[in-house]
Protein chains: 2
Amino acid sequence: MANPSLMMFGYTGRLREVLERISAKVGDTLRVEKGDTVYEGTLMPRTELGDPNCVVLKLPNGYNVGVRIGEDTKISKLSSGKFRRPKPPPLLAKPDPSKPLVTIVGTGGTIASRVDYRTGGVYPAFTPEEIYASVPEIAEVANVKLVEACNVFSEHMTPDLWIRIARTVVEELNSDARGVVIAHGTDTMAYTAAALSFMLRGLHKPVVLVGSQRSSDRPSSDAPMNLLSAVAVAARSQIAEVCVVMHGSVSDDFCLIHRGTKVRKCHTSRRDAFQTINDLPLGIVRDRRVEMLTQDYRRMNPKGRVELDDRIEPRVALVKVTPGMSGDQVLALLELGYRGIVVEGTGLGHAPESLFGAIKKAGEKGVPVVMTSQCLWGRIDMKVYSTGRDLLGMGVIPGEDMLPEVAYVKLMWVLGHVRKPDEVKALMLKNVAGEISSRTDLRTKPPSNPI
Amino acid sequence: MANPSLMMFGYTGRLREVLERISAKVGDTLRVEKGDTVYEGTLMPRTELGDPNCVVLKLPNGYNVGVRIGEDTKISKLSSGKFRRPKPPPLLAKPDPSKPLVTIVGTGGTIASRVDYRTGGVYPAFTPEEIYASVPEIAEVANVKLVEACNVFSEHMTPDLWIRIARTVVEELNSDARGVVIAHGTDTMAYTAAALSFMLRGLHKPVVLVGSQRSSDRPSSDAPMNLLSAVAVAARSQIAEVCVVMHGSVSDDFCLIHRGTKVRKCHTSRRDAFQTINDLPLGIVRDRRVEMLTQDYRRMNPKGRVELDDRIEPRVALVKVTPGMSGDQVLALLELGYRGIVVEGTGLGHAPESLFGAIKKAGEKGVPVVMTSQCLWGRIDMKVYSTGRDLLGMGVIPGEDMLPEVAYVKLMWVLGHVRKPDEVKALMLKNVAGEISSRTDLRTKPPSNPI
């Protein structure tokens, strides 16, 4: 029998006593009843960060759940399990001078950790050895260097952190890295990709954001293939743009390369959640091979130098309109001192007339208003119907085929550079980083229903 | 030569003089230069509602545009055209007693007019004769009766008008109509469909919303097929639910029947813009034949009686979260007296920690907060990550797989009925009108990129 103390790692105090009373060890299957809910799953190691009174169970669906044990819970052991300690990391492979250097920038996403520390694992270590150990094929593609820019869940990402990530990327690209991979949580990855697209001027090498939709300790995790594909794009592609590399289907057959200003997360949990909107993806990665789907991308120039242009105005608001919406919501933004507003309107770019007064007031105060569509697919055209023409008359800037989220990030960046209404409009309507397509590829499809 | 006055209809005053000076008649091709923009198109009749100083041109892309003629414009005639006056409407077909009665409720959408009055046409007439004239096949399916509930562009639809439409529908369904078709602009059609789904309790007959993405005077208009398909669903299907019937592809081959609580407009201009999200469409209509795709729908009961349940609380806000969003936006809503907030969060149902203070304050004030996802596809699961568990701890109600727009409408309706937090939560989590799927059909797909 293994040393019991080794088998209880992470659990301390009263909770450890409870577990010892039922002879529960990490790896055993437990049943916890709390109120109306019953959890049955495998006892996992606890993270130091979490609540010390929670047990972490891996449920049959693969997710980990933390359940706080107290007076209102009943806990019992269903069966003993085998918990295999993770293998110790191998010795660092010596850098292979024939391979390019790729810097992996950590931001707090789960992709690069062997066991997901957000969901209870105890090995959040983030070292090249760990990376090679979890995805050995990476060593065949590149020498990797690891840098941590920040450490937050992606839902807590902020414009300040975008800047910190951008600085790290610039430092790496202007030294030895052939490309950079940014490991990022998926929730707001598309926003960060857009922000970097605007902040990295004269980009001369690949910048690839990557994440995973499933914890990396699940057998069905998308983490290894996504990470390997992202490193392949950074090490081998000619793309000098910010892009997102994620699963292209629910099978482990290929990843897609999405332009950083044309992508959004379109599913809460599926592995192929990331979709290019209003354009074709840039390319496909199959087993480390990069195939381009378009010739319309910025090419790599190893002798170039990327400039950091991180002047932004973070006081921008995104307003999704709804029927019956009152103007008071927009007026409140003006009173709170917001400097720019992106409207997620309806259809071709409309807003209810109840907002007209507030939109006019924004114009009077010199607060630019940019129109996008909650349809997400398609292009703004405010000349078709009278509502659109009325809004144009109030100075509203039509957002072309920009995603609302991208227009939001872009307006922050634009307002960091210019303030005069004409200049704001001109820069918003200028294609800075692939965010505005000049024409719509006919193969670009909105979602279609299965029938 | 035709009577010139007939050929100038709609144009008066100074503009008429300008047109006469260049011998321009309705149907001629004109060129108008205004600033940097050049418009070339066919001169269309003017609507009485529009600006009397605008010429209405049909552009080669099929859209009509109104251009204000003034000091800054140059106008010239490129070629003469033939303008055929619309045929006079035929005599009213006698009602065929063997056919069911379908009431078409007008709301201001463009679908039922022969020439789109929003874009410059002169025949907005809305009579059974006009309907039979534009889509003669309708007379083979049903006797139609026309009722106008309101007359607004759909971007200006309001909760008050939802109630007016619902009242009209109840009146018709509880008398002779076998089903009701609601002609509605597409911008906010999905919101109205959701509102009616909640307001029509004990629904016993089909209620079908229909619209068109292209003006009905364009050769490529989707209006005739959509209207015919909608009437077919109202006259022939067994569906006792509120649904949306629109093109299922960009060809004129079939329409899809979408459940009113599971549909959204996913493209600004394509004919197949409407998509069922997180479920399968209810059925297909091919050339007046209704084929069901599921057995999971409410069946018709001709002897039933629908009840109007139109108590709603319109002071509900929809808040789409963004990285770096400050809590002041949510605090402002509380100060403005909003009674409920739907958060369009990230991923599985997360919000940035910068909003935590405001969300806690909402809880203290008894203002319910419902979580949905800006991914749109997939289901909320707030037990997976600690951010979600934190938000659950603050009393946030997980919106299951409800669309943000539907949760917004539902929260209005729920707050019209109950106010205690526990009761609000219970009703939000109860499937009232098909808005929450108990399980996800594996054939339900998010959008996929063409590769």
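Residues numbered from 1 in each chain as written. Chains lettered and ligands numbered in written order. Predicted model: local features only at pLDDT ≥ 70, side-chain atom pairs only at ≥ 80, totals over all residues. Heavy atoms only, no water.

Some details on the environment of Leu-348 of chain A
Relative to the helices and strands, Leu-348 of chain A resides in the loop between strand E19 (340-345) and helix H9 (356-364). Sequence spacing of Leu-348 of chain A and Arg-305 of chain A is 43 residues, and the spatial spacing of their C-alpha atoms is 39 Å. Those residues in contact with Leu-348 of chain A that lie beyond four places of it in its chain are Arg-379, Ile-380, Asp-381, Met-382, Val-384 and Tyr-385 of chain A together with Tyr-63, Asp-187, Thr-268 and Ser-269 of chain B. (Helix = DSSP H or I, 4+ residues; strand = E, 2+ residues; numbered from the N terminus. Contact = heavy atoms within 4.5 Å.)

Re the environment of Ala-426 of chain A
Within the secondary structure, Ala-426 of chain A sits in helix H12 (residues 421-429). Along the primary structure Ala-426 of chain A and Gly-108 of chain A are separated by 318 residues, whereas in three dimensions their C-alpha atoms are 36 Å apart.

A few points about the nonpolar core
Core analysis: the biggest nonpolar cluster contains 124 residues, and Ile-182 and Leu-200 of chain A together with Ile-182 and Leu-200 of chain B have the highest contact counts within it. Excluding residues within four positions of it along the chain, Leu-200 of chain B makes contact with Ala-166, Val-169, Val-170, Val-207, Val-242, Val-306 and Glu-307 of chain B. (Core = buried A, V, L, I, M, F, W, Y, C linked by side-chain atoms within 4.5 Å. Buried < 20%, exposed > 50% of the residue type's maximum accessible area, 1.4 Å probe, protein only.)

Overview of the packing of helix H8 (residues 328-335) of chain B against helix H9 (residues 356-364) of chain B
All names here are of chain B. Packing of H8 against H9 leaves a shortest axis separation of 8 Å and a crossing angle of 20°. When the interaxial angle is binned, H8 and H9 end up roughly parallel. The handedness of the crossing between H8 and H9 is left-handed. Along its contact with H8, which presents Val-330, Leu-331 and Leu-334, the element H9 presents Ala-358, Lys-361 and Ala-362. Partitioning the contact of H8 with H9 into residue classes produces 5 nonpolar, no polar and 1 charged. (Axes fitted to C-alpha atoms, helices over the stretch in contact; angles between N-to-C directions. Parallel < 35°, antiparallel > 145°, perpendicular 65-115°, else oblique. Left-handed = near helix turned anticlockwise from the far one by under 90°. Nonpolar A, V, L, I, M, F, W, Y, C, P; charged D, E, K, R; others polar.)

With respect to the environment of Pro-404 of chain A
The topology assignment puts Pro-404 of chain A in helix H11 (residues 404-415). Here Pro-404 of chain A falls in the buried class, since its relative accessible area comes to 1%. Along the primary structure Pro-404 of chain A and Lys-320 of chain A are separated by 84 residues, whereas in three dimensions their C-alpha atoms are 9.0 Å apart. Ignoring anything within four residues of it in the chain, the contact list for Pro-404 of chain A reads Leu-318, Val-342, Glu-344, Thr-372, Ser-373 and Leu-376 of chain A together with Lys-320 of chain B.

Observations regarding the interface of chain A and chain B
The interface is formed by 89 residues belonging to chain A together with 89 residues belonging to chain B. Roughly 7,100 Å² is buried in total at the junction of chain A and chain B, and carbon and sulfur atoms are behind 56% of that figure. Linking chain A with chain B are 6 salt bridges. Among the salt bridges present, the one from Glu-405 of chain A reaches Lys-320 of chain B, with a minimum N-O distance of 3.1 Å. (Buried area = accessible area lost by both parts, 1.4 Å probe. Salt bridge = Lys/Arg side-chain N within 4 Å of Asp/Glu carboxyl O.)

Topic: the sheet that holds strand E10 (residues 207-210) of chain A
Residues and elements named next belong to chain A. With mixed pairing, 8 strands are arranged side by side in an open sheet as E7-E6-E8-E10-E11-E12-E15-E16. At either end of the open sheet lies a strand with only one pairing partner, and these are strand E7 (143-148) and strand E16 (289-292). On average, each strand axis in the sheet is inclined to that of its neighbour by 25°, with strand direction left out of account. Across the sheet, helix H5 (residues 159-173) lies against strand E6 (101-106), E7, strand E8 (179-183) and E10, angled at about 155° from E8, the strand it touches most. (Pairing = 2+ DSSP bridges.)

Section: the relation of the copies chain A and chain B
Superposition of chain A onto chain B requires a rotation of 180° combined with a translation of 0.0 Å along the rotation axis, giving an RMSD of 0.1 Å. With respect to symmetry, the two chain copies, as superposed, fit the operation of a two-fold axis. Same-surface contact between copies: 100% of interface residues of chain A are shared with the interface of chain B. (Least-squares fit on C-alpha atoms with pLDDT ≥ 70 in both.)

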